[in-house]
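Results of the structural survey
Below are the chains, spelled out letter by letter.
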Amino acid sequence: MHELGVTESIASICLKHAQGNNAKRVLKVNVKLGELTGIVDHYVAFYWDMVTKDTIAQGAELNFTKVPVVAHCPACEDDFEVVEYDLTCPRCGRTETELISGREFMVESIEIE
Ligand SMILES: [Zn+2]
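Small disclaimer: the values here were computed from a predicted structure and weren't measured.

Remarks on the nonpolar core
Judged by nonpolar contacts, the single largest core of 19 residues is most densely connected at Ile10, Val26, Val29, Val44, Trp48 and Leu62. Of all elements in the fold, only helix 1 (3-20), strand 1 (26-34), helix 2 (41-51) and strand 2 (61-67) reach the threshold of two or more residues within this core. Tallying contributions element by element places helix 1 first for this core, with six residues. Not counting chain neighbours up to four residues away, the residues in contact with Val26 comprise Cys14, Ala18, Ile56, Ala57, Ala60, Ile110, Glu111 and Ile112. In this structure, Val69, Ala71, Phe80 and Val82 belong to the second largest nonpolar core, which totals six residues.

Have a look at this one:
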């Protein structure tokens, strides 16, 4: 899995941000996690303790906001939540729909002191 790599990315973003703001400590990190990314928050949390050891982000709380998979149907001009990878519009049955969310993986905000 790629959780170690993404956890290292989160840590480096946090440390860069914290150092840029002369922070003494990182308290909390809010991460947006799309359900299509396949990233398991449990593993990220596990690696987090490892990659932040002996940094100012050590012990910081990781908070995940899960982003559901949502697609847009151009025929109905409506959005719908995708269930189990089925991109078919539940209203008109059209399959040419557009994925609009669910791939997010980003640091939304960081709390420092
Ligand atoms: Zn439709």
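Comments concerning the coordination of the zinc ion
Looking at the zinc ion, one finds its protein donor set to be Cys73 (SG), Cys76 (SG), Cys89 (SG) and Cys92 (SG), positioned 2.3 Å from the metal centre. Here the donor residues for the zinc ion map to a single chain with the spacing C-x2-C-x12-C-x2-C. In this pair, Cys73 sits in strand 3 (residues 70-73) while Cys89 sits in the loop between strand 4 (78-81) and strand 5 (98-101), placing the two residues 16 residues apart along the sequence.

Comments concerning the pairing of strand 1
Every other side chain in a regular strand lies on the same face of the sheet, so the side chains alternate between the two faces. Note: strand 1 against strand 6 (residues 105-112), seven bridges, orientation antiparallel. Opposite Asn30, over in strand 6, you have Ser109 as the bridge partner. In this sheet, strand 2 lies alongside strand 1 in parallel orientation, the contact comprising seven bridges. Across the sheet, Val31 pairs through a bridge with Phe64, a residue of strand 2. Read from strand 1 through helix 2 to strand 2, the crossover connection turns out right-handed.

The rules behind these values
- Just so you know, the residues in each chain are numbered from 1, in the order the chain's sequence is written.
- Given that the model is predicted, a residue must reach a pLDDT of at least 70 before its local features are reported, and side-chain atom pairs must reach 80 or more before they are shown or counted; all residues, however, enter totals for whole chains, interfaces and linings.
- To obtain the side-chain values, all non-hydrogen atoms of the structure were included, while hydrogens and water were left out.
- By convention a nonpolar core is built from buried Ala, Val, Leu, Ile, Met, Phe, Trp, Tyr and Cys residues, the set being connected through side-chain atoms within 4.5 Å.
- Only protein chains enter the accessibility calculation, which uses a 1.4 Å probe. A residue is then buried if its area is under 20% of the maximum for its type, exposed if over 50%, and partly exposed in between.
- Put simply, DSSP H or I for four residues or longer makes a helix, DSSP E for two residues or longer makes a strand, and each gets a number counted from the N terminus.
- Only heavy atoms matter for contacts: two residues are in contact if any of them lie within 4.5 Å across the pair.
- Atoms are scored as donors when they are N, O or S and lie within 2.8 Å of the metal, with 3.2 Å used for Na, K and Ca; no water is included, so coordination may look incomplete.
- For two strands to be treated as a pair, DSSP must find at least two bridges joining them.
- Seen with its strands pointing away from the viewer, a crossover is right-handed if its path from the first strand over the helix to the second goes clockwise.

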